[in-house]
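One-letter residues, chain by chain:
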Amino acid sequence: MFARFANTTAFPQPAAQDGAARGRATGAHLAVMGLSHAYKKIDGLVLDSLDFEVQPGEVLALLGRSGCGKSTLLHMLSGLSLPSAGEVVINGNTVRGPSQAWVMMFQAPSLYPWMSVAQNAALGLRFARRSSEIATRVPEVLELVDLSPYADRNVQDLSGGQQQRVALARSLATAPEMLLLDEPFSALDAFTRRSLQRDVRAIARRLGLTMVLVTHDVSEAVRMADRVLVLDANPGRIAEDTAIALTEEQREGGCERFNAEHIRLMEIYTEVAHGDPSDQTDD
Ligand SMILES: Nc1ncnc2c1ncn2[C@@H]1O[C@H](COP(=O)(O)OP(=O)(O)OP(=O)(O)O)[C@@H](O)[C@H]1O
Ligand SMILES: [Mg+2]
């Protein structure tokens, strides 16, 4: 757990795009409106008429089976690709391409193996031509992800979980308003995954970031999300939009409330999966 949040008040907060103070949350507001998508090479829609909003500072999980279109949707939220129909609107502006204000994290941390932890954490700033901020920001983000003692280590000498923390530090260095996570913990062992789930949620809340997390792990959704969209497949649609009403302590698990939420979400997920026509055999 990151015990040093009290020392991170100097962490630079992104300015609100409208220039006005927006209270504690500095996260982006996200609206997805009538979004549908078809890939040229395959017949039919992958995503069909999605409509939802995410409030500043909210943590949303997209839960759905393999192939239902979660990564496709996340790429569209980030501006890495554009939908066939409808739009993604962030802070009132239609997304037409990637921006420094929102960053993606993937299952593989994609670090440069010949560079140190600090050099890797500085890459986002370097690519954004904000090198003058490296000296102050990199130590702050390494502190935030609990890697200060490793700053000069080569990333190849780090564990998988530590490497994912370097990727997180690199993402946070540019002070984004939104984090988009595509199953970033699925390659890690259960213990490491649990601690990253807890810490990433804590950091997002501490900084007021909006976060969208793709997962097919029900317990990850219960631990991390304020709200879960359960997607069905062929084509991808929102089957259920449900809040996870747990305190931070209850999210640690091992209590009745956590177990009840886990069972409830698992039941929804199972029902949605059984409704998937690709799951049923033809007569
Ligand atoms: N570039 C592409 N061209 C054509 N089809 C694609 C492309 N990318 C994805 N698809 C197809 O679109 C559908 C949704 O893929 P997507 O990767 O978004 O699913 P996912 O929910 O993220 O799955 P997983 O949980 O396995 O990562 C799949 O049927 C996939 O084969
Ligand atoms: Mg995917």
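Quick notes on the rules
- Residues numbered from 1 in each chain as written.
- Chains lettered and ligands numbered in written order.
- Predicted model: local features only at pLDDT ≥ 70, side-chain atom pairs only at ≥ 80, totals over all residues.
- Helix = DSSP H or I, 4+ residues; strand = E, 2+ residues; numbered from the N terminus.
- Buried ≥ 20, exposed ≤ 12 C-beta atoms within 10 Å, placed from the backbone.
- Contact = placed C-beta atoms within 7 Å.
- Core = buried A, V, L, I, M, F, W, Y, C linked by C-beta atoms within 7 Å.
- Domains from an automatic or database assignment.
- Pairing = 2+ DSSP bridges.
- Axes fitted to C-alpha atoms, helices over the stretch in contact; angles between N-to-C directions.
- Expected span 1.5 Å × (residues − 1).
- Arc of directions from axis to C-beta.
- Near = placed C-beta within 6 Å.
- Nonpolar A, V, L, I, M, F, W, Y, C, P; charged D, E, K, R; others polar.

1. What to know about the overall build of the protein chain
Logical step 1: When you go through the protein chain residue by residue, the secondary structure sums to 8 helices and 10 strands.
Logical step 2: Counting every position in the protein chain, which comprises 283 residues, the buried fraction comes to 40%.
Logical step 3: If you take every contact in the protein chain between residues at least 6 apart in sequence, the share linking residues at least 24 apart comes to 73%.

2. Quick word on the nonpolar core
Buried together is how nonpolar side chains tend to be arranged in soluble globular proteins.
Logical step 1: With 75 residues, the main nonpolar core has Leu63, Ala121, Ala169 and Leu180 as its most contacted residues.
Logical step 2: When residues in this core are grouped by element, the largest group, 6 residues, is from helix α5 (residues 160-173).
Logical step 3: When residues of this core are assigned to domains, at least three fall in each of domain 1 (24-101 + 181-277) and domain 2 (111-175).
Logical step 4: When neighbours within four sequence positions are excluded, Leu63 is seen to be in contact with Thr215, His216, Val218, Ala221, Val228, Leu229, Val230, Leu231 and Tyr269.

3. What to know about the sheet that holds strand β3 (residues 59-63)
Logical step 1: Overall, mixed pairing links the 6 strands, which are arranged β6-β7-β8-β3-β9-β10 in an open sheet. With partners counted over all chains shown, the strands left at the sheet margins are β6 (102-105) and β10 (237-243), one partner each. Strand-to-strand twist across the sheet, computed as the mean angle between neighbouring axes with direction ignored, equals 15 degrees.
Logical step 2: Where strand β9 (residues 227-232) and β10 come together, 6 bridges link them in antiparallel fashion. Pairing of Asp232 across the sheet is with Arg237, part of β10.

4. Overview of helix α8 (residues 256-274)
Logical step 1: Between its first and last C-alpha, α8 extends 27 Å over 19 residues, near the 27 Å set by a 1.5 Å rise per residue.
Logical step 2: Of the residues making up α8, those classed as buried are Phe258, Glu261, Leu265, Tyr269 and Val272. Viewed end-on, α8 has its buried residues packed into an arc of 70 degrees, placing them on one side of the element. Exposed residues on α8 whose side chains face more than 90 degrees from its buried face are Glu256, Ile263, Glu267, Thr270 and His274.
Logical step 3: Against the buried residues of α8 lie β3, α7 (218-224), β9 and β10.

5. Overview of the site of ligand 1
Logical step 1: Around ligand 1 sit 13 residues in total, of which Tyr39, Ser66, Lys70, Ser71 and Thr72 are the nearest.
Logical step 2: Among the residues forming the shell around ligand 1, the class breakdown is 4 nonpolar, 7 polar and 2 charged.

6. Topic: the environment of Ala221
Logical step 1: Mapped onto the fold, Ala221 is located in helix α7.
Logical step 2: Apart from residues no more than four positions distant in its own chain, Ala221 is found in contact with Ala61, Leu63, Thr215, Val228 and Leu265.

7. A look at unusual backbone geometry
Logical step 1: Here Asn234 and Pro235 are connected by a cis peptide whose omega angle stands at -5 degrees.
Logical step 2: A positive phi angle, close to 45 degrees, is found at Glu183, a residue other than glycine.
Logical step 3: By secondary structure assignment, the location of Glu183 is in the loop between β7 (178-182) and α6 (190-207).
Logical step 4: Residue classification places Glu183 among the partly exposed residues on the basis of 18 C-beta atoms within 10 Å.
Logical step 5: With respect to the helices, strands and loops of the structure, Asn234 is situated in the loop between β9 and β10.

8. What to know about the sheet that holds strand β5 (residues 93-94)
Logical step 1: Read across the sheet, 4 strands follow the order β2-β1-β4-β5 without closing on themselves; strand pairing throughout is antiparallel. Every other strand in the sheet has two partners, leaving β2 (47-54) and β5 as the edge strands with one partner each.
Logical step 2: Here 2 bridges tie strand β4 (residues 85-90) to β5, and the two strands are oriented antiparallel to one another. For Val89, the partnering residue across the bridge sits in β5 and is Thr94.
Logical step 3: Packing against the sheet, helix α1 (residues 70-78) makes contact with β1 (30-37), β2 and β4, and its axis sits at approximately 130 degrees to β1.

9. So, the pairing of β3
Logical step 1: For β3, a buried count of 5 out of 5 residues is recorded, marking the element as mostly surrounded by other parts of the structure.
Logical step 2: Alternating residues of β3 divide into Val59, Ala61 and Leu63 and Leu60 and Leu62, and every residue in both groups is buried.
Logical step 3: Across 5 bridges, β3 lies against strand β8 (residues 210-215) in parallel orientation. Considered in β8, the bridge of Ala61 is made with Leu213.
Logical step 4: In terms of strand pairing, β3 meets β9 through 4 bridges, oriented parallel. Residue Leu63 lies in a different strand from β9, and its bridge partner there is Val230.

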